[in-house]
Amino acid sequence: MAWIGTEPASGTMPNGAPTVDEARAFTDAAETKLLDLWIKSGRASWVQQTFITDDTQRISADADLAVKSETARLAAEARRFDGMTLPEDVARKLKLIRLSVDIPAPRDPAEAAELAKIDSSLHADYGKGKWCPDASDASKCLNIDQLEKLMASSRDPEELKRAWIGWHAIAPPMRERYERMVELGNKGARELGFADMGSQWRSNYDMPPDKFAAEIERLWQQVRPLYESLHAYVRTRLHEKYGAAVPADGPIPAELLGNLWAQGWTNIYPLVAPPQGDSGYDLTEILKSRNTDAVGMVKFGERFFVSLGFDPLPETFWKRSMFVRPRDREVVCHASAWSIDFRDDLRVKMCIQINDEDFTTVHHELGHNFYQRAYNQLPPLFQNGANDGFHEAVGDTIALSITPDYLHEIGLLDKTPGDSGDIGFLMKHALDKVAFLPFGLLIDQWRWKVFSGEIKPADYNKSWWELKRKYQGVVPPVERSEADFDPGAKYHVAANVPYTRYFLAAIYQYQFHRALCKAAGFSGPLYRCSIYGNKAAGARLKKMLEMGQSKPWPDALEAVGAGRELDASAILEYYAPLKKWLDEQNAGHPTGW
């Protein structure tokens, strides 16, 4: 039985129980060992994702195995300190060791090696995925970049249907391995003391797993009416465009929303733009007309953070990042930000396209990089976001400051559009941010149920579409069966990246934005605020970022001036004029599905 009471200065308790000094020595040694493995794994993963071959997959899998196996060993050993009264930092580090891998390896070496191989292979399958409209001509195969362009621009429902089906065909070969990955990951989670991987993931938010799940549902109920108003309006406009293919009162066919996963609807803005309410400019066309290249896109993002008082990115960032898709090899194009050495070797990995979406994505990814550098003086186990939703929200918070006034200030707009464009501006934002909310929620609703066994392997696809319909109000373009594995056609499922962080970020970013606008002294409508160039807002943001994961997330939320509770009122405030307008347009039309 672990000793509980006032900490002894050193030595071992008479009954043989471990001491506080032993616990601190253990966490110090664990951090040293894990940091070395994290750096090696990061380098191997970078090479594997930017140069996909059988060899780089194996190297990455071996490095990942080393991390998972050592973490499992350390987490098991750390349980001998359970029940002790420990200094806050030591107790927090012991907890974070158990939570530091998303897919925990079983202790059995053969099973751990199998899990690492599966994880790497799923990641690589996604990165190599293509749709070949003509099976006899490989030169006409489309990669994910080309497919996303097609989904964004085509208005031919048959072409969109074929492209959607074509991309989702990459996933069925993953299904058997995914099922095995769940078995192995759950075994690893149970050996760490969790009921399953879902329970482990939900334990990473400084509250009991069940309470966290209830918090997510509470937030969804706060924002659901806004989403339903947007859904009803978009459905009506698409019904006018496509006729009976889009019902007047039911779910929307997923392939008609401008995105392979129906997670963001910005690309159909021309079909649903408010009459006489356009934002007055096309950022994509402006960027192209000025011959902006990929590096130029990233420079815009860097200058924003520098304007807030942050130091410029290191020279190695520009030399080591991947900004465009290479012509000579397969890569994982999904955008991500990296801190290879947990100090200054910062990088982004993107296949940047010159458009308004990637202009925003650049700001998002740099948010990760500036966060990573802000906390790089902390102990390794604290070098992370206050929770994973914070990490995703920082760059998106900056992106909320990409207002017409900001674009005018940096010279991309000759003049700021008048108030008449406000509804169009908000509509375009909502098609990205508000449309995303239920998608951000349902990915892990599905996985949590898969991990717990509530969703059986025989019902993977059926349950996926039940949740898509329940939360998003969308349906597939054609009938699906258990011969399909549509969840695997989404990167974060194939790559085993927890997804609730993105739903949280969609809430946090508006809380952060409102707090930073207040710090900047802004008093107008929230959607018109840009903190560009405001050092007071920058100082408030930096204070939060420098805390990393050293304190519970309510402390970090308070540091930025946004209170201590998750609260969706800021997003509702931001879109209040649009919600009023949508409800007026929806009068006489059904809402819901």
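What comes next concerns the included structure. (Residues numbered from 1 in each chain as written. Predicted model: local features only at pLDDT ≥ 70, side-chain atom pairs only at ≥ 80, totals over all residues. Heavy atoms only, no water.)

**Brief notes about the state of the cysteines**
A complete count under the given rule lists three disulfides for this structure. Across the disulfide, Cys132 is cross-linked to Cys141 (sulfur-sulfur distance 2.0 Å). For the disulfide bridge between Cys132 and Cys141, the dihedral angle about the S-S bond is near 105 degrees, and by the sign convention the bridge is right-handed. Since its relative accessible area comes to 36%, Cys132 is described here as partly exposed. For Cys141, a relative accessible area of 13% translates into the label buried. (Disulfide = S-S within 2.5 Å. Buried < 20%, exposed > 50% of the residue type's maximum accessible area, 1.4 Å probe, protein only.)

**Some points on the pattern of salt bridges**
Scanning the entire structure with this criterion turns up 43 salt bridges. Here Glu584 makes a salt bridge to Lys580, at a shortest N to O gap of 2.9 Å. With a gap of four residues between them, Glu584 and Lys580 both fall in helix α24 (residues 576–585), about one helical turn apart. What emerges from the salt-bridge pattern is a single network uniting Arg43, Arg320, Asp345 and Arg347. (Salt bridge = Lys/Arg side-chain N within 4 Å of Asp/Glu carboxyl O. Helix = DSSP H or I, 4+ residues; strand = E, 2+ residues; numbered from the N terminus.)

**Topic: the packing of aromatic side chains**
Considering all chains together, one arrives at 44 aromatic pairs under this definition. Considering the side-chain rings of Phe390 and Phe512, the 5.2 Å spacing of their centres and the 55 degrees angle between planes classify their relative orientation as tilted. Of the two residues, Phe390 sits in helix α15 (residues 388–399) while Phe512 sits in helix α20 (residues 500–519), which places them 122 residues apart along the sequence. Since its relative accessible area comes to 0%, Phe390 is described here as buried. (Phe/Tyr/Trp six-rings, centres within 6.5 Å; stacked < 30°, edge-to-face > 60°.)

**Some details on the pairing of strand β2 (residues 336–339)**
Along β2, one buried face is formed by Ser336 and Trp338 and the opposite face, lined by Ala337 and Ser339, is buried too. Here β2 pairs with strand β3 (residues 346–349) via four bridges, running antiparallel. Within β3, the residue paired with Ser339 across the bridge is Leu346. Count of turn residues in the β2/β3 antiparallel hairpin: six residues, of which Phe342 carries a positive phi of about 60 degrees. (Pairing = 2+ DSSP bridges.)

**Points about the packing of α15 against α20**
Where α15 contacts α20, the two axes come as close as 7 Å, and the packing angle between them is 55 degrees. Taken as axis vectors, α15 and α20 run oblique relative to one another. You can see that α15 and α20 cross each other, and the crossing is right-handed. Contacts between α15 and α20 pair Asp388, Gly389, Phe390, Glu392, Ala393, Asp396 and Thr397 from the former with Arg501, Tyr502, Leu504, Ala505, Tyr508, Gln509, Phe512, His513 and Leu516 from the latter. Each residue belonging to the contact of α15 with α20 can be placed in one class, and the counts come to eight nonpolar, four polar and four charged. (Axes fitted to C-alpha atoms, helices over the stretch in contact; angles between N-to-C directions. Parallel < 35°, antiparallel > 145°, perpendicular 65-115°, else oblique. Left-handed = near helix turned anticlockwise from the far one by under 90°. Contact = heavy atoms within 4.5 Å. Nonpolar A, V, L, I, M, F, W, Y, C, P; charged D, E, K, R; others polar.)

**Section: unusual backbone geometry**
Its identity as a non-glycine residue notwithstanding, Asn291 has a phi of 55 degrees, on the positive side. Checked against the element boundaries, Asn291 lands in the loop between α11 (283–289) and α12 (294–307). Located in the positive-phi region is Phe342, a residue other than glycine, with phi close to 60 degrees. Positionally, Phe342 belongs in the loop between β2 and β3.

**Focus: the nonpolar core**
By size, the foremost hydrophobic cluster in this structure holds 195 residues, and its most contacted members are Tyr178, Leu230, Val234, Trp265, Phe390, Trp446 and Tyr575. With 18 residues, helix α17 (residues 422–452) is the single largest residue contributor to this core. Every residue in contact with Trp265, bar those within four places of it in the chain, is listed here: Tyr227, Leu230, His231, Val234, Leu257, Leu431 and Ala435. Residues Met322, Val331, Cys333 and Cys351 belong to the second largest nonpolar core, which totals seven residues. (Core = buried A, V, L, I, M, F, W, Y, C linked by side-chain atoms within 4.5 Å.)

**Looking at the side chain of Thr397**
By the secondary structure assignment, Thr397 is in helix α15. Owing to a relative accessible area of 2%, Thr397 belongs among the buried residues under this scheme. If we skip the residues at most four places from it in the chain, Thr397 touches Gln509, Phe512, His513 and Leu516.

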